[in-house]
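Geometric and topological summary
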Amino acid sequence: GVGSSTGSVLDAVFSPSNDFVYSGGADNQLRRYNVTADTALALGSHEKPVSAVRFDADSGLVFSGSWDASVKVWDPRQATSVCDLPQPAKVFAMDAKCGYVVVGTAGRSVQVYDARKLSSPMQRRESPLKYQTTCIGLFNDGTGFALGSVEGRVAIEFLSPDEQVQSKKYAFKCHRVKEEDTDTVFAVNSIAFHPVHGTFATGGSDGVVNVWDGANQKRICQFPKFDEEVSALSFNGAGNELAVAVSYTFDQGERDARHTAISIRTIEDADVRPKPRRRAA
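Worth saying up front: this structure is predicted, and the values here are computed from it rather than measured. (Residues numbered from 1 in each chain as written. Predicted model: local features only at pLDDT ≥ 70, side-chain atom pairs only at ≥ 80, totals over all residues. Heavy atoms only, no water.)

Another point: the overall build of the chain. In terms of regular secondary structure, the chain is built from two helices and 25 strands. In terms of overall dimensions, the chain has a C-alpha envelope of 60 × 45 × 35 Å along the principal axes. Long-range contacts, defined as pairs at least 24 residues apart, comprise 38% of the intrachain contacts of the chain with a sequence gap of at least 6. Of the roughly 14,200 Å² that the chain leaves accessible, carbon and sulfur atoms contribute 48%. For the chain, the centre of its 31 positive side-chain charges and the centre of its 34 negative side-chain charges are spaced 6 Å apart. (Helix = DSSP H or I, 4+ residues; strand = E, 2+ residues; numbered from the N terminus. Contact = heavy atoms within 4.5 Å. Areas by Shrake-Rupley, 256 points an atom, 1.4 Å probe, with all protein chains shown as cover. Lys, Arg positive; Asp, Glu negative; His and termini not counted. Charge placed at Lys NZ, Arg CZ, Asp CG, Glu CD.)

See below:
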């Protein structure tokens, strides 16, 4: 396409109006594509590949995270970088929503920013999971986030330091296959929150997409397994479609990809609506 990347695209996000797409990748560049005009603009660059791109509708800012251990903040109206946020290590995952930005880096570090006050993180955390962070998704109301890792686990975290709120955090196992006495663990590659119900989908290297009710700690459904790893997920704005990227993520070393595609799945309300709790008899 117009102004296409010279390296692999590692992340992309639509603007809230759906008129623009912001993308970053292995060529170290952050680009903005005008969907209507079919034009592209290179906004700027990092010193190493851009691994994560997010647009926060509340602040109107674009955030790009990179393996150069930095997050850059961009004003799309001026097409300029506003500031740089140094990170403790390579950026592996990031989300921005409701005026908050959560960044997951190598070394299991998690930095939380208030987009209105970017001079320093409002919180510095360590991932509650034992191994490398792979994906982060903020709740729709910005009160917390889900964090996935290579060990087939997801942690549910809350931003408020209140002890009563913090007592609600938990972690659970997922994307694992048990055969006889062997438990094979697969990475959680993507987390996507449903825009209406606030439930969330996870995609893993086992080729499976699960939908979870985080509030009630239950799985709502599991979609039929794909023949290759699920590398990324995204709901549309209405929540009635889910885009599923299927491609090999090289977490098993060098091998040929069995399948590479983007699948659009129609979402029924029953797939994503929280199930009411059963009342005790």
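Let's shift gears to the nonpolar core. Ranked by internal contacts, the top residues of the largest apolar core, which has 15 residues, are V209, V211, F223, L233, F235, L242 and V244. Counting residues per element, the ones that place at least two in this core are β21 (209-213), β22 (218-222), β23 (230-235) and β24 (241-246). The residues contacting L233, other than those within four sequence positions of it, are S190, A192, A201, T202, G203, V209, L242, A243 and V244. (Core = buried A, V, L, I, M, F, W, Y, C linked by side-chain atoms within 4.5 Å. Buried < 20%, exposed > 50% of the residue type's maximum accessible area, 1.4 Å probe, protein only.)

Residue placement: F200 occurs in strand β20 (residues 200-204). Given a relative accessible area of 2%, F200 falls into the buried group. The spatial distance from the C-alpha of F200 to the C-alpha of G237 is 14 Å, given a sequence separation of 37 residues. Residues contacting F200, with those up to four places away along its chain left out, are V154, I156, F172, I191, A192, F193, H194, N210, V211, W212 and G214.

Turning to the sheet that holds strand β5 (residues 50-56), a few remarks are in order. Ordered by their spatial adjacency, four strands build an open sheet running β5-β6-β7-β8, and the pairing between neighbours is antiparallel. A single partner strand is all that each edge strand has here, and the edge strands are β5 and β8 (80-86). Neighbour-to-neighbour, the strand axes of the sheet open up by a mean angle of 20 degrees, direction not taken into account. Relative to strand β6 (residues 61-66), β5 is paired through six bridges, and the arrangement is antiparallel. Among the inter-strand pairings, A52 is bridged to a residue of β6, identified as G65. (Pairing = 2+ DSSP bridges. Axes fitted to C-alpha atoms, helices over the stretch in contact; angles between N-to-C directions.)

Before going further, it helps to spend a moment on the side chain of Q111. Structurally, Q111 can be placed in strand β11 (residues 109-114). You can call Q111 buried: its relative accessible area is 6%. Every residue in contact with Q111, bar those within four places of it in the chain, is listed here: Q87, P88, V101, V102, V103, P121, Q123 and R124.

On to the pairing of strand β17 (residues 176-179), then. Sheet topology places β17 next to strand β18 (residues 182-185); four bridges connect them, and they run antiparallel. Note on β18: the bridge partner recorded for K178 is D183. The hairpin turn running from β17 into β18, its antiparallel successor, is two residues long, and E180 in that turn takes a positive phi close to 55 degrees.

Let us now look at the packing of aromatic side chains. Enumeration according to the criterion identifies seven aromatic pairs in this entry. Ring geometry for Y22 and F55: centres 5.7 Å apart, planes at 55 degrees, overall tilted. Taken together, the positions of Y22 in strand β2 (residues 20-25) and F55 in strand β5 put the pair 33 residues apart, joining distant regions of the chain. Residue Y22 shares its accessibility class with F55, and that shared class is buried. Both rings, one in F193 and one in F200, keep their centres 5.1 Å apart while their planes meet at 40 degrees; by these two values the pair is tilted. (Phe/Tyr/Trp six-rings, centres within 6.5 Å; stacked < 30°, edge-to-face > 60°.)

Let us look at unusual backbone geometry. In this structure, N28 is a non-glycine residue whose phi angle is positive, near 75 degrees. Within the secondary structure, N28 is located in the loop between β2 and β3 (29-34). Look at D38: it is not a glycine, yet its phi comes out positive at around 60 degrees. Within the fold, D38 resides in the loop between β3 and β4 (39-45).

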